[in-house]
Amino acid sequence: MIQTLKHIKELLKSSHHKEKPQKFKLSSLKRLFPYLKTHWKEGLIASLLMIVVSLLALPTPYLIKIIVDDVISNKNIKLLNLIILLLIAIQLLRLTFSFFTNYLFSVLNKEIIVKIKKNLFSRILRLPLSFFDNKQTGYLLSRIGEVEGLSFLFSNALVRILIRLLEFIFCLAILFYLNWKLTLIALLGLPLFYFATKFYYRGIRILSREVMEKRAILSRQIQDSLTGVDVVKVFTAEERETEKIHTHLDELKKSSIKRDIILNFSSELISLLGALGGFVVLLYSGWEIIRGNFTIGSYIAFSAYLAKLYGPTQTLATIGLTFQPAITALNRVTELLDLTGEEEKEKEIKLKKIKGDIEFKNVYFSYDTKEVLTDINFKVKNGEKILITGPNGSGKSTIIKLILGLYKHKKGKILIDNYEINKISLSSLR
């Protein structure tokens, strides 16, 4: 037990990185509007149904109060039967509306996520070849998979947070009606929820991004090892490749444990504060009931409404933690969506037929900091054949890629039929 607590302490201590957490960008949220626009009707209907479901839950505690305080004491069987039938009707209505709400949100969620994935994949394919030089297939597959992290933004969970604000107002009004002194006592504990989560918010935000990145790197390493398995076997490098995978798995495990510990600890602390608030209410209510100033039915109703009051407060207190995985995923997905692709420009020259004259004038090219081509000059006329020789890495295939527009040269000019390659439509060139 002591060793476990020490381990948790070390993990929590190591979670306070010097790295600044990634902030939420409003521009990232705007990127989702086109997807929401096509499904706004389904979203609106589902949201209205959720509001109805929430409102239907409000009368139940007060009806139970009436049963305990008035119906049972007066032995009014007829009114008891009527209230029970009303409670059953309310539950059936809630069940029906909840089913349709969940169905609509499920369809909405899957439709939008699939559309984002399609758009993201299409965008990646249109990125220049230079983007793929340092991005392995496994890494990109993992990044596309991160779109699933946006599910929260299109689910009933997000709308439920907004509805709980509505519940908070209604429940607060009812609580003041039942006992205003007891309500004020209960409200004293609410500010603690904010301070309980503020300390952990930064750690969760950083670690959520860290886990996603390490998962993508692990996927890339697995992809590399499996696709190059013949080379691994030729050089008897199985042990070395296994060690690499194990190292990435251990790093991912550590980051995931850190994130889960902080998230679970903060959630449990908030639950504890809610329970302590309930005990204080029970203590004061007990005094009032003994003195004859409060009824048992009123206490039952008060406790039920207090739970509905603390529920939204807990949700609001942890809203940063709840939103963080979705915000991290949103920022990472928009990073890819915002990359400049090889889109066609209106003023580009669209070649209907290429004659075949090629000319390089003082062309320079480098991969990042590694210079490959320096002051290259040559001319190839239509029908002419030339032989380019040189060792591996000297730039032979690079010249072909430059002619196809797969890479952009740094300096100089490349002419195709006397047109500068930068002004030619890439689709017509290729």
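Residues numbered from 1 in each chain as written. Predicted model: local features only at pLDDT ≥ 70, side-chain atom pairs only at ≥ 80, totals over all residues. Heavy atoms only, no water.

Engineer: Mind laying out the layout of surface pockets, listing which residues take part and the relevant values?
Structural biologist: In this structure, the second largest pocket occupies an estimated 350 Å³ of space. Lining the second largest pocket we find 21 residues, and of these Leu 36, Leu 153, Phe 154, Leu 158 and Val 159 sit closest to its centre. Residue assignment for the lining of the second largest pocket shows that the elements contributing at least two residues are α3 (33-37), α4 (40-56), α6 (77-125), α9 (156-178) and α15 (319-337). Grouping the amino acids of the lining of the second largest pocket by side-chain chemistry returns 17 nonpolar, 4 polar and no charged. (1 Å grid on protein atoms, 1.4 Å probe; cavity = no way out; pocket = protein on both sides within 12 Å on 5 of 7 lines; lining within 4 Å. Points joined across faces, edges and corners; volume = space filled by probe spheres on them. Helix = DSSP H or I, 4+ residues; strand = E, 2+ residues; numbered from the N terminus. Nonpolar A, V, L, I, M, F, W, Y, C, P; charged D, E, K, R; others polar.)

Engineer: Which residues make up the sheet that holds strand β2 (residues 370-380), and what values go with them?
Structural biologist: Here we have 4 strands laid out as an open sheet, ordered β2-β1-β3-β4, and antiparallel in their pairing. What marks the edges here is a single partner per strand, and that holds for β2 and β4 (419-420). Relative to strand β3 (residues 411-416), strand β1 (residues 358-367) is paired through 5 bridges, and the arrangement is antiparallel. Opposite Glu 359, over in β3, you have Leu 415 as the bridge partner. Across the sheet, helix α16 (residues 396-403) is in contact with β1, β2 and β3; its angle to β1 comes to roughly 115 degrees. (Pairing = 2+ DSSP bridges. Contact = heavy atoms within 4.5 Å. Axes fitted to C-alpha atoms, helices over the stretch in contact; angles between N-to-C directions.)

Engineer: Go over the pattern of salt bridges with me, naming the residues and quoting the values.
Structural biologist: Pairs can form between side chains of opposite charge once their charged atoms are near each other. Taken as a whole and judged by the stated rule, the model has 8 salt bridges. Glu 420 is the partner of Lys 413 in a salt bridge, and the nearest nitrogen-oxygen pair spans 3.8 Å. On the accessibility criterion, Glu 420 (25% relative accessible area) is partly exposed. (Salt bridge = Lys/Arg side-chain N within 4 Å of Asp/Glu carboxyl O. Buried < 20%, exposed > 50% of the residue type's maximum accessible area, 1.4 Å probe, protein only.)

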